[in-house]
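The chain contents come next:
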Amino acid sequence: QVQLVESGGGLVQPGGSLRLSCAASGSIFSINAMGWYRQAPGKERELVAGITRDGSTHYADSVKGRFTISRDGAKNTVYLQMNSLKPEDTAVYYCNADISLLAGTDDFWGQGTQVTVSS
């Protein structure tokens with residue numbers, strides 16, 4: 001099957017930076033869109049940033065200018081560089097990927113990584 005493994009979360013002070021990584025592995029034919037979502041306590045999961053197979057990106061208004069999504073096709077990995085972090089960025093961040101397998105296309109999620117922005 002397919003696994004998405006995230007890393008890079010942690011505790012950071014306001015104004016600081018973190019870089020999240022998500023590596024996909026398994027019986028992958030090709031990876032289409034990839035993205036990062038987040039869910040804060042008591043709130044719904046929301047899209048933070050997405051990147052298509054051809055490199056087109058889109059961001060939530062709340063992170064534009066501060067976060068940058070990128071991907072390494074050779075490594076099946078997507079990154080989220082987060083700068084100028086704010087307390088309201090505190091959430092569990094989830095990686096998502098639309099992956100084509102030999103049997104068809106499916107949607108996969110990582111296990112989540114905690115990001116806490118606090119002084």
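The notes below deal with the structure included here.

Reading guide: rules and limits
- Residues numbered from 1 in each chain as written.
- Predicted model: local features only at pLDDT ≥ 70, side-chain atom pairs only at ≥ 80, totals over all residues.
- Heavy atoms only, no water.
- Helix = DSSP H or I, 4+ residues; strand = E, 2+ residues; numbered from the N terminus.
- Rg over C-alpha atoms; globule rule 2.2 N^0.38 Å.
- Buried < 20%, exposed > 50% of the residue type's maximum accessible area, 1.4 Å probe, protein only.
- Contact = heavy atoms within 4.5 Å.
- Areas by Shrake-Rupley, 256 points an atom, 1.4 Å probe, with all protein chains shown as cover.
- Lys, Arg positive; Asp, Glu negative; His and termini not counted.
- Charge placed at Lys NZ, Arg CZ, Asp CG, Glu CD.
- Phe/Tyr/Trp six-rings, centres within 6.5 Å; stacked < 30°, edge-to-face > 60°.
- Lys NZ or Arg CZ within 6 Å of the ring centre and 35° of its normal.
- Pairing = 2+ DSSP bridges.
- Axes fitted to C-alpha atoms, helices over the stretch in contact; angles between N-to-C directions.
- Salt bridge = Lys/Arg side-chain N within 4 Å of Asp/Glu carboxyl O.

Regarding the overall build of the protein chain
In step 1: Along the protein chain, the regular secondary structure elements total zero helices and eleven strands.
In step 2: Order of helices (α) and strands (β) in the protein chain, N terminus to C terminus: β-β-β-β-β-β-β-β-β-β-β.
In step 3: For a compact globule of 119 residues, the expected C-alpha radius of gyration is about 14 Å, and the protein chain comes in at 14 Å, within 12% of that figure.
In step 4: Residue burial in the protein chain is summarised as follows: out of 119 residues, 40% are buried.
In step 5: Long-range contacts, defined as pairs at least 24 residues apart, comprise 55% of the intrachain contacts of the protein chain with a sequence gap of at least 6.
In step 6: Summing over all exposed atoms, the protein chain offers an accessible surface of approximately 6300 Å²; the carbon and sulfur share of this is 48%.
In step 7: Considering the protein chain, the positive charge centre built from 10 side chains and the negative charge centre built from 11 side chains are found 6 Å apart.

Some thoughts on the packing of aromatic side chains
In step 1: For the structure shown, the criterion picks out one aromatic pair.
In step 2: The positively charged end of arginine 19 is found above the aromatic ring belonging to tyrosine 79, 4.1 Å away from the centroid.
In step 3: Lying across the ring of tyrosine 94, arginine 45 places its NZ or CZ 3.8 Å from the centre.

Digging into the sheet that holds strand S3 (residues 18-26)
Within a beta sheet, neighbouring strands are joined by backbone hydrogen bonds and run either parallel or antiparallel to one another.
In step 1: The four strands lie next to each other as S1-S3-S8-S7, forming an open sheet whose pairing is antiparallel. Of all strands in the sheet, those with a lone pairing partner are strand S1 (2-7) and strand S7 (67-72), marking the two edges. Taken pair by pair, the neighbouring strands of this sheet meet at an average axis angle of 15°, ignoring direction.

Some thoughts on the pattern of salt bridges
In step 1: In this structure the tally under the stated criterion is four salt bridges.
In step 2: Put simply, glutamate 46 and arginine 38 hold a salt bridge, and the shortest N to O gap is 2.7 Å.
In step 3: Its relative accessible area of 5% is what places arginine 38 among the buried residues.
In step 4: In this structure, lysine 64 and aspartate 61 form a salt bridge, with 3.1 Å as the shortest nitrogen-oxygen distance.
In step 5: A network of salt bridges, in which partner residues are shared, links Arg38, Glu46, Arg66 and Asp89.

So, the pairing of strand S10 (residues 104-109)
Within a regular strand, side chains alternate between the sheet's two faces.
In step 1: Pairing between strand S9 (residues 91-101) and S10: six bridges, direction antiparallel. Bridging from a neighbouring strand, isoleucine 99 pairs with aspartate 106 of S10.
In step 2: In this structure, the hairpin formed by S9 and S10 is closed by a connection of two residues.

Remarks on the side chain of serine 30
In step 1: By the secondary structure assignment, serine 30 is in strand S4 (residues 30-39).
In step 2: Sequence-distant contacts of serine 30, that is, excluding residues within four places in its chain, are made with Arg53, Ile99 and Ser100.

Description of unusual backbone geometry
Leave glycine aside and you will find that most residues have negative phi; peptide bonds, for their part, are mostly trans.
In step 1: Phi at asparagine 76 takes a positive value of approximately 50°, unusual for a residue other than glycine.
In step 2: Within the secondary structure layout, asparagine 76 lies in the loop between S7 and strand S8 (77-82).
In step 3: The backbone phi angle of serine 84 is positive, close to 50°, even though this residue is not glycine.
In step 4: Structurally, serine 84 is set in the loop between S8 and S9.

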